[in-house]
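These are the residues of each chain, in order.
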Amino acid sequence: MDDGVRDGVQVMLESCKKHRGPYKREYQKNGHVFQELGNAFSLDTRPSAMHLTEAMKHTGKTYDEIGQLFAQQPRADLEPFIEEIHEYKGILSNFPEIIEVHKGALKRVKDCQKKEGAGKLQESEAVAISARGDVISYALLAEINHFQQERVTDFKLSTQKYLREQIAFYQRIVQKLEGTLSQYDDA
């Protein structure tokens, strides 16, 4: 999971940059083209041509607005998802140390069992040490189980939020384009 988390954060950070940079610029370039066409068409002052001119200018404005939507979108979907992944990255970074503590406790229990077998440690002390080792093992297993349960819930909710935000984003784009398309009905 550690590699997937690291790679996921990297890919999503790159996507944020693309939304705020190249995607935004491409839509704004398209918008500029339509606005320039609208300006060129404005020389024709016939009423039928004026509707087309306004529709072209509106198209340019729409594409500029879509570019702005792309620039703003990462705040709604990518950044919260990255934060969730980053949180898990921090949690995962502690697991190797926790496992080392567990290995140390198991080694200590085995050493005590050997000492008991050699008569260097009383049976009651060995049983108490073994019980403490069991507590550490059970606690580790409980933490791993809890982590897995929380991971499922957290990533389910995070992914659902991400997808809902993506759907809403593209629906806003579709609405803007449909509104712009209707401008041409009168042209």
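Structural data are supplied above this passage.
Residues numbered from 1 in each chain as written. Predicted model: local features only at pLDDT ≥ 70, side-chain atom pairs only at ≥ 80, totals over all residues. Heavy atoms only, no water.

1. Here's the deal with the overall build of the chain
Phase 1: The number of helices and strands found in the chain is four helices and zero strands.
Phase 2: Ordering the α and β elements of the chain from the N terminus gives α-α-α-α.
Phase 3: Against the 2.2 N^0.38 benchmark of 16 Å for 187 residues, the chain shows a C-alpha radius of gyration of 31 Å, more extended than a compact globule.
Phase 4: Each of the 187 residues in the chain was classed as buried or not, and the buried ones make up 27%.
Phase 5: When the accessible surface of the chain is totalled, it reaches about 12500 Å², and 56% of it is carbon and sulfur.
Phase 6: Placing the 26 positive and 29 negative side-chain charges of the chain at their respective mean positions leaves the two points 4 Å apart. (Helix = DSSP H or I, 4+ residues; strand = E, 2+ residues; numbered from the N terminus. Rg over C-alpha atoms; globule rule 2.2 N^0.38 Å. Buried < 20%, exposed > 50% of the residue type's maximum accessible area, 1.4 Å probe, protein only. Areas by Shrake-Rupley, 256 points an atom, 1.4 Å probe, with all protein chains shown as cover. Lys, Arg positive; Asp, Glu negative; His and termini not counted. Charge placed at Lys NZ, Arg CZ, Asp CG, Glu CD.)

2. What about the packing of helix α2 (residues 47-76) against helix α3 (residues 78-117)?
Phase 1: The geometry of α2 relative to α3 is characterised by a closest axis approach of 3 Å and an angle of 30° between their N-to-C directions. Facing P74, R75 and A76 of α2, the residues of α3 in contact are L78, E79 and P80.
Phase 2: When its residues are assigned to classes, the contact of α2 with α3 shows four nonpolar, no polar and two charged. (Axes fitted to C-alpha atoms, helices over the stretch in contact; angles between N-to-C directions. Contact = heavy atoms within 4.5 Å. Nonpolar A, V, L, I, M, F, W, Y, C, P; charged D, E, K, R; others polar.)

3. Re the environment of S130
Phase 1: Positionally, S130 belongs in helix α4 (residues 123-183).
Phase 2: Distance from S130 to C112, taken between C-alpha atoms, is 8.1 Å for residues 18 residues apart in sequence.

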